[in-house]
Amino acid sequence: MTDCPPDPPAPTGAALPEDEKERIRLLHASLEIPAAWIAARGLPRMPLAARLETCGEDAAGRPVRLLPEAATAWRALLAAARAEGLDLVVVSSFRDLDRQAALVRRRLERGERLEDALRVVAPPGYSEHHTGRALDLAEAAHPVLEETFEASAAGAWLRAHAGRFGFRLSYPRGNPWGFIHEPWHWAWAPVPSPAGTAAAPHRR
Ligand SMILES: [Zn+2]
């Protein structure tokens with residue numbers, strides 16, 4: 001596995017919010033995603049990260065891109081996990097709107113029903129991966145996203161320790177947004193400072 005040195009921030013190519021809204025509308029139209037579904041599930045909009053930092057490579061050799069603050073927390077988490085002999089790999093980090101749409105489209109082309117696909121992959125504009133805070137994690141020896149990750153040594157370690165680094169499991173069993181249980185999907189969120197000035201929550 002490659003090291004994870006701090007890199008200079010990379011430009012995101014993020015669109016302005018109005019452009020972002022229009023791009024999402026077009027992508028939803030092309031995928032035939034009814035607006036009513038989004039509303040019915042209460043999915044929160046996930047803004048595109050304004051800044052991204054590259055932090056090593058994922059399991060497929062693509063750059064891991066995260067919000068700089070999340071990248072710092074990820075490096076600390078990874079070092080702690082390695083110190084305990086766990087070899088975590090990133091399967092997915094930041095995704096832009098087009099990449100998210102491509103993931104949905106790929107499932108549809110395989111014959112999945114749209115409604116089923118959107119329980120596994122969020123509609124463009126509604127994926128936590130857009131924010132640069134989310135990581136899909138796996139064990140290096142078995143870099144796939146399966147529910148069995150929960151029972152793995154890495155899954156147990158993350159449940160016990162990820163919170164210390166500001167990461168939490170976004171989609172537990174029975175989550176209110178109708179996503180499947182994703183024991184591999186962890187997101188960094190600012191923790192309240194000692195003065196109690198918590199940063200704004202990003203989910204809602
Ligand atoms: Zn994920």
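This text goes with the structure placed above it.
Each value, and the rule that gives it
Residues take numbers from 1 onward in each chain, read along the sequence in its written order. Reporting of local features is limited, given that this is a predicted model, to residues whose pLDDT is at least 70; pairs of side-chain atoms are given and counted only at 80 or more, and all residues count toward the totals for whole chains, interfaces and linings. Labels follow the DSSP assignment, with helices taken as runs of H or I lasting at least four residues and strands as runs of E lasting at least two, numbered in each case from the N terminus. Any residue whose C-beta has 12 or fewer other C-beta atoms within 10 Å is treated as exposed, any with 20 or more as buried, and any in between as partly exposed, C-beta atoms being built from the backbone. Two residues form a contact once the distance between their C-beta atoms, set from the backbone, is within 7 Å. Only when DSSP finds a minimum of two bridges between them are two strands counted as paired.

Draft legend 1. Region of interest: the overall build of the chain. What the chain contains, in helices and strands, is 6 helices and 7 strands. Going from N to C terminus, the chain has its helices and strands arranged as β-α-α-β-β-α-β-α-α-β-α-β-β. Counting all 204 residues of the chain, 34% fall into the buried class. Taking contacts inside the chain between residues at least 6 apart in sequence as the whole, the part at least 24 apart equals 72%.

Draft legend 2. Expanded view of unusual backbone geometry. Although it is not a glycine, E32 sits at a positive phi angle of roughly 60°. Of note, E32 is situated in the loop between α1 (17-31) and α2 (35-41).

Draft legend 3. Layout of the pairing of strand β7 (residues 185-188). The side-chain alternation of β7 yields two buried faces, one formed by H185 and A187 and the other by W186 and W188. Here strand β6 (residues 167-169) runs beside β7; their pairing, made up of 3 bridges, is antiparallel. Pairing of F167 across the sheet is with W188, part of β7.

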